[in-house]
Amino acid sequence: MAACLANVQRGFSALHHSCLTYFHRPLISSFVINSRGCACHTDRASISQSIFEEKRSSKQWEDSLFSRPRSPRDNFRTCTIDMPEDRSNKLHRGELRAKVLKRRAEKSLYPPAEISLHIIGSGAFGAPRALYMLAGNSSYLFNCGEGAQRLLCEHKMKLGKLEHILVTHLSWENYGGLPGLLLSLHEMGLPSLTLHGPPDVEKLIERAQSFVKINAMEVLKKEYSDVPYEDETLIISYVPIWGGKKEKDGFDDSDLETTNYCNLEGRKRRRLNTHNNAEMRGSGQEDALKIKERDMSVAYICRLKPRAGSLLLEKCLDYKVPTGPLLGCLKRGEDVTLENGTVVHSQDVMSPQDPGSLFFVVDCPTEAFLKSLMKSGHFQSHMETSGLDPSVIFHFTPPEVMGNLKYQDWMSQFPKSTIHISLNRDSTCLGNREVYRNQFKLNSLDPVVFPLLKEFPSVNKNEAEILSPLNGSATSVSSKVLAISATDGVVQARTLTQFRLRPKMGLDFSSSIVISSEEALSEIPSNESDVNVRDRVHESVQAKRDSDTVITSESQDFPRILFLGTGSSVPQKTRNTSAILFTIKKKHHMMLDCGEGTLGQLVRFFGLSKTWKILTHLNATYISHLHADHHIGLISILQAREEAFMLQEKPFQPMKLFAPQPVIQWLDFYNMHFESIDHLYQAHDNALLLNDNETMLKNVLESLGLRRMQTCRVSHCPDAFGVSLTDLKGWTTVYSGDTRPCNNLVFLGMDCDLLIHEATMEDDMVEAAHIKAHSTVSQALDIAERMQSKHIILTHFSQRYCKIPILSQSAALRAGIAFDFMQGNCIPMDLPSVWDT
Ligand SMILES: [Zn+2]
Ligand SMILES: [Zn+2]
């Protein structure tokens with residue numbers, strides 16, 4: 001056995017530079033290695049002593065983590081302001097900023113020659129809602145749901161050109177991706193950005209700055225108004241659509257169109273929670289309440305500015321116009337007289353002017369908004385044949401409202417030539433191609449640890465005919481367009497479907513994301529040596545599994561872990577931000593951290609129907625600290641979870657939430673100002689679980705299937721925690737969250753069964769790791785040794801490593817490396833080791 005495993009390891013190292021290197025570490029990663037054999041004899045007394053010394057010698061910033069009493073307000077500030085920053089980062093950002101400023105200064109005053117709209121997030125369940133418009137050197141983004149940034153990056157949309165983000169309606173599905181995107185844009189050196197949307201749209205960003213540090217970027221606000229926005233490319237008119245609780249309150253909005261709503265005091269259209277409602281009713285402010293409860297969605301009517309035709313050089317030659325200034329005159333529309341007396345008219349040598357097309361972006365969030373939409377005069381002038389036909393209307397409207405006869409009737413009043421594209425739950429495209437490809441590769445190594453992803457976006461028959469690449473000619477585009485609009489009426493959004501506005505106009509499916517297993521399989525290396533190594537790996541893994549005790553009983557099958565996000569800070573193609581689904585026992589799940597897009601990751605892994613079931617059994621979530629890459633996916637999980645209970649007709653149970661106080665405050669704020677979510681969770685401060693305080697939450701823990709849950713403060717930012725979870729059988733799993741090497745954690749996790757530790761940096765970046773308060777691979781392994789944990793898995797890898805972090809051979813043999821969608825039972829026999837101890 002040992003010889004066989006040694007062969008595999010030799011095979012790995014021999015292949016270090018071959019394409020199978022890619023497989024090497026993933027395979028090792030799938031096996032949890034016994035680290036107890038390492039020479040280390042730490043005892044509790046010496047750890048207590050070293051904790052004391054560590055505290056005494058640490059810098060002021062670190063001191064604040066442990067001792068300084070803080071007000072809640074203080075928490076928010078210190079989390080971002082006190083986090084140290086690498087100087088090289090600042091310099092790099094400065095350079096990028098200079099480039100962006102230069103590009104903006106050089107921008108032409110004339111409308112760009114090429115303008116196209118790209119669907120980024122289709123609105124499918126688990127996918128963001130986002131529409132990107134590229135116009136020369138500027139770009140615009142309509143809505144930015146969770147995961148939009150990941151798709152924008154994977155599909156190489158030019159984020160450096162982004163100048164405007166336009167939000168339709170204040171709901172998480174429209175802007176859940178905004179905090180993360182702004183953070184990335186800030187790092188890219190973007191000097192400013194304009195945010196358009198309903199009143200209060202900027203509030204979210206202001207508050208999110210407690211965990212999204214964007215102090216070097218100016219976020220300008222352009223609230224909807226009667227005055228359109230205008231730049232060199234287009235004119236955007238804002239159309240308010242009103243909803244609210246009029247039926248309940250007997251509030252008739254027939255007078256709405258004449259109301260001067262701009263002057264109403266109650267323009268904060270927050271969704272008040274019941275407590276506030278009661279308070280206001282009690283104080284006799286019922287009229288104000290009616291106004292405040294009203295909700296607003298903003299539709300955008302976008303009109304491209306006309307663009308002059310271009311000079312047709314062949315025609316100029318025919319007229320014998322000499323090269324030189326006369327060509328410039330003709331281009332400017334002036335007629336010229338040649339030396340021989342011939343008069344050349346500009347219109348004879350220029351292509352016709354592009355008058356500028358029109359498109360709409362509409363979001364009618366619920367049926368309560370229908371009346372206002374129907375009555376809006378802004379759309380009526382573009383209905384039937386007015387000469388100002390919209391070429392395309394993007395509907396962010398949900399399926400249940402689009403199916404309403406009133407909405408259908410409203411749509412039917414637009415000219416037949418108008419294309420309707422919907423970005424909503426009826427879509428099936430999640431949009432990430434690379435995730436599927438990667439999992440196919442990993443699956444070829446071990447289908448147990450890396451199962452194939454369930455959700456395979458299906459293509460409907462109509463689309464299938466059209467999705468073959470187009471030739472790019474205008475006629476083929478428009479004939480495809482007609483084929484669709486005549487049969488279906490509405491095109492369902494698919495990531496990277498384009499609508500070209502200029503120079504040729506029409507729908508283009510040539511880049512639309514369709515994932516085929518054949519394509520993914522064809523990318524798996526198949527030369528002889530690769531296949532040999534793979535076969536040897538399979539054999540040795542199987543042999544190891546056969547030699548271990550076969551575990552079949554259910555009681556021994558838990559706990560299980562499924563990594564849903566294993567990258568740090570910014571989501572990338574194959575590694576999303578932090579999330580681990582920890583299954584304590586059957587139908588008892590708990591999420592450890594919940595980065596942006598975690599819901600989408602669940603859908604990819606389990607498929608739609610199983611995701612609904614998992615959500616109803618997701619009894620708890622633990623958040624380690626306030627950084628966005630650890631909790632920004634929480635709101636969509638909470639909202640989807642409520643939906644899951646409703647769909648399955650089960651009585652709703654709020655989710656237990658263990659989180660640092662600032663995260664709980666952030667959710668409270670969101671609840672107060674945007675959407676009612678406080679009924680979806682029961683919050684417990686992580687600090688309650690410090691220092692053997694677990695008896696305080698004994699009942700709560702028991703209901704989760706846990707014997708004990710303890711936290712400790714770790715060395716990362718204020719209110720950052722590590723956690724230890726012990727199930728009823730006594731199996732203990734420790735999760736570090738983000739931290740520098742931390743003695744508190746060693747003490748907390750002493751003798752644990754499994755340590756999941758962050759390893760953001762490679763070993764030669766010790767200094768950078770220290771500055772950013774993270775750990776290197778060797779530091780994480782050292783913690784495991786001192787803790788005497790039986791097994792260790794590393795996660796939270798810097799996104800600088802596109803697929804796998806750089807590890808020494810010995811490190812690779814001592815630790816498992818987490819990958820997105822890597823699953824396993826925590827029991828060592830089920831995760832055989834290639835390290836024969
Ligand atoms: Zn992190
Ligand atoms: Zn962090």
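Residues numbered from 1 in each chain as written. Chains lettered and ligands numbered in written order. Predicted model: local features only at pLDDT ≥ 70, side-chain atom pairs only at ≥ 80, totals over all residues. Heavy atoms only, no water.

- The name given to the protein chain in an unreviewed UniProt entry is Zinc phosphodiesterase ELAC protein 2, and the organism recorded there is Darwinula stevensoni.
- In its Catalytic activity (unreviewed entry) section, UniProt records this for the protein chain: "Endonucleolytic cleavage of RNA, removing extra 3' nucleotides from tRNA precursor, generating 3' termini of tRNAs. A 3'-hydroxy group is left at the tRNA terminus and a 5'-phosphoryl group is left at the trailer molecule."
- Recorded under Sequence similarities (unreviewed entry), the UniProt text for the protein chain is reproduced unchanged: "Belongs to the RNase Z family." (UniProt positions renumbered as here; feature names shortened; annotations may be inferred.)

### Examining the overall build of the protein chain
- When its secondary structure is counted, the protein chain shows 34 helices and 31 strands.
- The long-range share in the protein chain, meaning contacts at least 24 apart out of those at least 6 apart in sequence, stands at 73%.
- Accessible area of the protein chain: about 33,600 Å², with a carbon and sulfur share of 53%. (Helix = DSSP H or I, 4+ residues; strand = E, 2+ residues; numbered from the N terminus. Contact = heavy atoms within 4.5 Å. Areas by Shrake-Rupley, 256 points an atom, 1.4 Å probe, with all protein chains shown as cover.)

### A short note on the coordination of the zinc ion (ligand 2)
- Taken together, H625 (NE2), H627 (ND1), H716 (NE2) and D738 (OD) make up the full set of protein donors to the zinc ion (ligand 2), lying 2.1 to 2.4 Å away.
- Classification of the site at the zinc ion (ligand 2) as irregular follows from its 4 donor atoms and the range of 87 to 172° in their angles at the metal.
- Binding-site remark: the zinc ion (ligand 2) is held by donors from one chain whose sequence spacing is H-x1-H-x88-H-x21-D.
- The distance between the zinc ion (ligand 2) and the zinc ion (ligand 1) is 3.5 Å, with D738 acting as a donor to both metals. With a gap of 113 residues between them, H625 in the loop between β22 (618-622) and α27 (628-631) and D738 in the loop between β27 (732-735) and α31 (743-749) connect regions that are remote in the sequence.
- H625 sits in the buried class, given a relative accessible area of 0%. (Donors = N, O, S within 2.8 Å, 3.2 Å for Na, K, Ca; no water. Tetrahedral: all angles 85-135°; square planar, octahedral: opposite > 155°, others 65-115°. Buried < 20%, exposed > 50% of the residue type's maximum accessible area, 1.4 Å probe, protein only.)

### What about the sheet that holds strand β31 (residues 823-825)?
- Spatially, β24-β23-β22-β21-β20-β19-β31 is the arrangement adopted by the 7 strands of the open sheet, whose pairing is mixed. What marks the edges here is a single partner per strand, and that holds for β24 (681-685) and β31. Looking at each pair of strands side by side, their axes are set apart by 20° on average, direction ignored.
- Here helix α28 (residues 634-647) sits on the sheet and contacts β21 (588-594), β22, β23 (655-659) and β24; the angle it forms with β23, its principal contact strand, is near 170°.
- Taken strand by strand, helix α29 (residues 661-673) contacts β23 and β24, and its axis lies near 150° from that of β24. (Pairing = 2+ DSSP bridges. Axes fitted to C-alpha atoms, helices over the stretch in contact; angles between N-to-C directions.)

### Quick notes on the packing of aromatic side chains
- The full count for this structure, using the stated rule, is 24 aromatic pairs.
- With centroids separated by 5.0 Å and ring planes inclined at 85°, the aromatic side chains of W410 and F414 adopt a geometry described as edge-to-face.
- Residue classification places W410 among the buried positions, given a relative accessible area of 1%.
- Relative to F674, the ring of F669 lies with its centre 6.1 Å away and its plane at 65°, an arrangement referred to as edge-to-face.
- On the basis of relative accessibility, which here comes to 13%, the residue F669 falls in the buried class. (Phe/Tyr/Trp six-rings, centres within 6.5 Å; stacked < 30°, edge-to-face > 60°.)

### So, the coordination of the zinc ion (ligand 1)
- Around the zinc ion (ligand 1), the protein supplies D629 (OD), H630 (NE2), D738 (OD) and H796 (NE2) as donor atoms, at distances of 2.1 to 2.2 Å.
- In this structure, the zinc ion (ligand 1) is coordinated by 4 donor atoms arranged in irregular fashion, with angles at the metal of 87 to 165°.
- Positions of the donor residues of the zinc ion (ligand 1), expressed as sequence spacing, correspond to D-H-x107-D-x57-H.

### Quick word on the pairing of strand β4 (residues 138-142)
- In terms of burial, β4 is a largely internal element, 5 of the 5 residues being buried.
- The alternating pattern of β4 places S138, Y140 and F142 and S139 and L141 on opposite faces, both of which are buried.
- In this sheet, β4 lies alongside strand β3 (residues 129-135) in antiparallel orientation, the contact comprising 5 bridges. Each bridged residue has a counterpart across the sheet, and for Y132 the counterpart in β4 is L141.
- This β-α-β element, β4 to helix α7 (residues 148-154) to strand β5 (residues 162-166), shows right-handed connectivity. (Right-handed = clockwise from strand over helix to strand, strands pointing away.)

### As for the pairing of β24
- Looking at chain direction, β23 and β24 are connected through 5 bridges and run parallel. Across the sheet, F658 pairs through a bridge with H684, a residue of β24.
- Each parallel crossover has a hand, and for β23 linked through α29 to β24 it is right-handed.

### Observations concerning a positive patch on the surface
- A cluster of basic residues, K454, K587, K610, K613 and K650, forms a positive patch on the protein surface.
- Structurally, the position occupied by K613 is in helix α26 (residues 598-616).
- A relative accessible area of 48% places K613 in the partly exposed class. (Patch = residues over 30% accessible without salt bridge, like charges linked within 9 Å, V, L, I, M, F, W, Y side chains within 5 Å. Salt bridge = Lys/Arg side-chain N within 4 Å of Asp/Glu carboxyl O. Lys, Arg positive; Asp, Glu negative; His and termini not counted. Charge placed at Lys NZ, Arg CZ, Asp CG, Glu CD.)

### Comments concerning the sheet that holds strand β13 (residues 358-362)
- Spatial ordering of the open sheet is given by β8-β9-β10-β13-β14-β15-β16, a layout of 7 strands whose pairing is mixed. At either end of the open sheet lies a strand with only one pairing partner, and these are β8 (229-230) and β16 (490-492).
- With 4 bridges joining them, strand β10 (residues 296-304) and β13 adopt antiparallel strand pairing. Residue pairing in the sheet places Y300 in a bridge with V361 of β13.
- On top of the sheet, helix α20 (residues 405-412) reaches β13, β14 (390-395), β15 (419-422) and β16; it is set at about 160° to β14, its chief contact.

### Brief notes about the confidence of the model for the protein chain
- Mean pLDDT over the protein chain: 78, with 74% of residues reaching 70 or higher.
- Long-range and interchain partners of residues 1-82, a stretch whose pLDDT sits below 50, account for 188 contacts in this model, where long-range means more than four residues apart.
- The low-confidence segment residues 457-487 (pLDDT under 50) makes 48 contacts with residues lying over four places distant or belonging to another chain. (pLDDT = per-residue confidence, 0-100.)

### Quick look at α20
- Buried residues of α20: Y407, W410 and M411, and no others. Relative to the axis of α20, the buried residues are bounded by an arc of 100° and lie together on one face. The exposed set on the far side of α20, more than 90 degrees from its buried face, consists of L405 and K406.
- Regarding α20, its N-cap is N404, as a side-chain oxygen of that residue lies 2.7 Å from the backbone nitrogen of K406 further along. (Arc of directions from axis to C-beta. Polar contact = N/O pair within 3.5 Å; in protein donor to acceptor, adjacent residues only side chain to side chain.)

### A word on the pattern of salt bridges
- The full count for this structure, using the stated rule, is 16 salt bridges.
- Salt-bridge contacts for K221 lead to E223; the nearest nitrogen and oxygen are separated by 2.8 Å.
- Exposure remark for K221: the relative accessible area of 39% places this residue in the partly exposed category.
- Taking the relative accessible area as the measure of exposure, E223 reaches 16% and is therefore buried.
- The closest approach of N and O atoms between E334 and R332, which form a salt bridge, is 3.4 Å.
- One connected set of salt bridges, linked through shared partners, spans R129, E173 and D363.

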